[in-house]
Amino acid sequence: MSEENGKKPAGQALQERLSQVGDRMQNSQTWSSIFRPGSIFRKGYSDSPRNRSYVIMNSVMYHLHPVKVKRHAVKVSYTLCLGGLSFFLFILLTVTGIFLMFFYRPTAAQAWDDMQILQTAVGFGLLVRNMHRWAAHLMVLTVFLHMARVFYHGAYKPPREFNWVIGVMLLQLTLLLSFTGYLLPWDQLALWAVTVGTNMMGFTPVFGEQVRFVLLGGVEIGTDTLLRWYVLHVLMLPFVIVIFMAIHFWRVRKDGGISGPL
Amino acid sequence: MTEIPEHLRKRAEEARAKAAGATGESSSSPESEASTTSGEASSTDEKIPAHLLDRGKAASEQSAPVESSDPGLGTGPDGNTQRLLAVVKSGSIQDTKATPVDKVHVWPHLLVIEFLAALGMTLFTLLFSIFVNAPLLELADFNKTPNPSKAPWYFLGLQELLTMFHPMVAGVTIPGMGLILLVMAPYMDKNPSKRPEDRKFAISLMTIHLMFWAVLVMIGSFFRGPGFNFVFPWDAGLFFEL
């Protein structure tokens, strides 16, 4: 046997060799320049209060959070995760939306055909389109429920009054994002839903006709409307909503973390 | 000016008296020392204004006591060169908390929950999208108005109002008022309590508001058929696309 000759079995030797390579890699300058202190991939990571703080402070994604939060703030029964889920759905919509943009041209002549091709000839096209649409409806729902939750907890009270106002703006922006996206498939559902919707806007007092004209890019819905709403949907409204979200999240922290306990 | 606490002022006075006794000089305050030395220095250089020279001289007296003939000149009892300018009470610049807050680390306590919630939401959307397709009707046709024509579901409450009121009231006045009330809520609600039992009026009002829209959206979505006439979905079927 090989063990009697002072040699280790092949499996064990390989394991040792691998762990040696792993150690060398983790000790290298490259590795420690990528993974900052507190990263769980760094050598010698241990679960200490110091490292728990570093995880948050040294990550661009996580540092939206404070290092510590009130104990009741992590109770799912208090927030129901609604605000966080709204934000997550926004990210999901951004990712799926970017995918859809590769296969879509916002003109009356091409939009519907592009949708057909997306659903039948593009890999995962149908799935991603479905996800985009259902996530959009879900986001309207979660934002609405988040507002109800915040109201019933009295979380709009001082010092959080202004963040409530920002939140109402975010609800309206969410509705606008959903509504502008509604036209883009350029099918019968899109055309007539938007016709009904924009007819209502035409009744704005004093300058109703002008509002409608600017929104439609003409007196009737057409290919100009499609381009206009496409730009609003993929660029302008996301840009505005991201700014409002940044203020919203920043104010949550500046106003002393989430509200409660009741 | 901030009031200097009694014990600190006493200590400073004692120290000053001790310093004066040690040097043997009769000077009673740092100001008189500075003025005597500046009188001598002003004759040496005339280009520098006298008041600047005074200030510079006074500063050098205090900052470099070793160079002067008297080691104790302008320094404290232990030879230190700082002095007390003002006492700032802790409450005025720091938010000192009387009661400690029970806190937990965001990692892992909050991040794990957020990760699981995001994962659950992704799974739900993915599975739902695998089994239910988003609608894509036939190509948009301006000459073929579907019956009924419905707005997106979140605007169906408004469309429902259109059947009851003038378009200006239904499309602008009522939703506008609703939105303004919503935005103004924190400024109108002066009740400081967050406990549900103290906020019966606010909670009832909001519940009525939310139910008002929810019921309208439900009716508009499921109970409106051809011609936007009232139908029962179990009789006439569904006229609703998401």
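Residues numbered from 1 in each chain as written. Chains lettered and ligands numbered in written order. Predicted model: local features only at pLDDT ≥ 70, side-chain atom pairs only at ≥ 80, totals over all residues. Heavy atoms only, no water.

J.: Run through the overall build of chain A, naming residues and quoting values.
T.: For chain A, the helix and strand inventory stands at 11 helices and one strand. Along its sequence from the N terminus, chain A presents helices and strands in the succession α-α-α-β-α-α-α-α-α-α-α-α. Here the C-alpha radius of gyration of chain A, 26 Å, is well above what a compact globule of 262 residues would show, namely 18 Å. On the principal axes, the C-alpha backbone points of chain A span a range of 95 × 55 × 30 Å. By residue count, 45% of the 262 residues in chain A fall in the buried class. For chain A, the proportion of contacts with a sequence separation of at least 24, taken over those separated by at least 6, is 62%. When the 24 positive and 13 negative side-chain charges of chain A are each reduced to one mean point, those points stand 13 Å apart. (Helix = DSSP H or I, 4+ residues; strand = E, 2+ residues; numbered from the N terminus. Rg over C-alpha atoms; globule rule 2.2 N^0.38 Å. Buried < 20%, exposed > 50% of the residue type's maximum accessible area, 1.4 Å probe, protein only. Contact = heavy atoms within 4.5 Å. Lys, Arg positive; Asp, Glu negative; His and termini not counted. Charge placed at Lys NZ, Arg CZ, Asp CG, Glu CD.)

J.: Could you give me a rundown of the side chain of Thr 174 of chain A, with the residues and numbers involved?
T.: By the secondary structure assignment, Thr 174 of chain A is in helix 8 (residues 161-183). Once residues within four sequence positions are removed from consideration, Thr 174 of chain A is found in contact with Met 139, Val 140, Val 143 and Ile 241 of chain A.

J.: Describe in detail the interface of chain B and chain A, supporting the description with residues and values.
T.: Residue-level contacts link 71 residues of chain B with 74 residues of chain A. Summed over both sides, the interface of chain B with chain A buries roughly 7100 Å², with 74% coming from carbon and sulfur. Three residues stand out in chain B for area buried against chain A, namely His 105, Leu 136 and Lys 194 of chain B, and they jointly supply 10% of the buried area on that side. Linking chain B with chain A are two salt bridges, by the criterion used here. Taken together, the links from chain B to chain A amount to 31 residue pairs in polar contact (both at pLDDT 80 or more). The element contributing the most residues to the side of chain B that touches chain A is helix 5 (residues 106-131) of chain B, with 18 residues. (Buried area = accessible area lost by both parts, 1.4 Å probe. Salt bridge = Lys/Arg side-chain N within 4 Å of Asp/Glu carboxyl O. Polar contact = N/O pair within 3.5 Å; in protein donor to acceptor, adjacent residues only side chain to side chain.)

J.: Break down helix 9 (residues 188-201) of chain A for me, citing the residues and quoting the values.
T.: Two residues of an α-helix separated by three or four positions point the same way, owing to the 3.6 residues in each turn. Under the 1.5 Å per step criterion, the end-to-end length of helix 9 of chain A is 20 Å for 14 residues, consistent within 8% with the ideal 20 Å. By the criterion of burial, helix 9 of chain A is predominantly enclosed, with 12 of the 14 residues buried. Among all positions of helix 9 of chain A, only Gln 188, Leu 189, Ala 190, Leu 191, Trp 192, Ala 193, Val 194, Thr 195, Val 196, Gly 197, Thr 198 and Met 200 of chain A are buried. Close packing links the buried residues of helix 9 of chain A with helix 7 (125-152), helix 8, helix 10 (208-216) and helix 11 (223-254) of chain A together with helix 6 (156-162) of chain B. (Expected span 1.5 Å × (residues − 1).)

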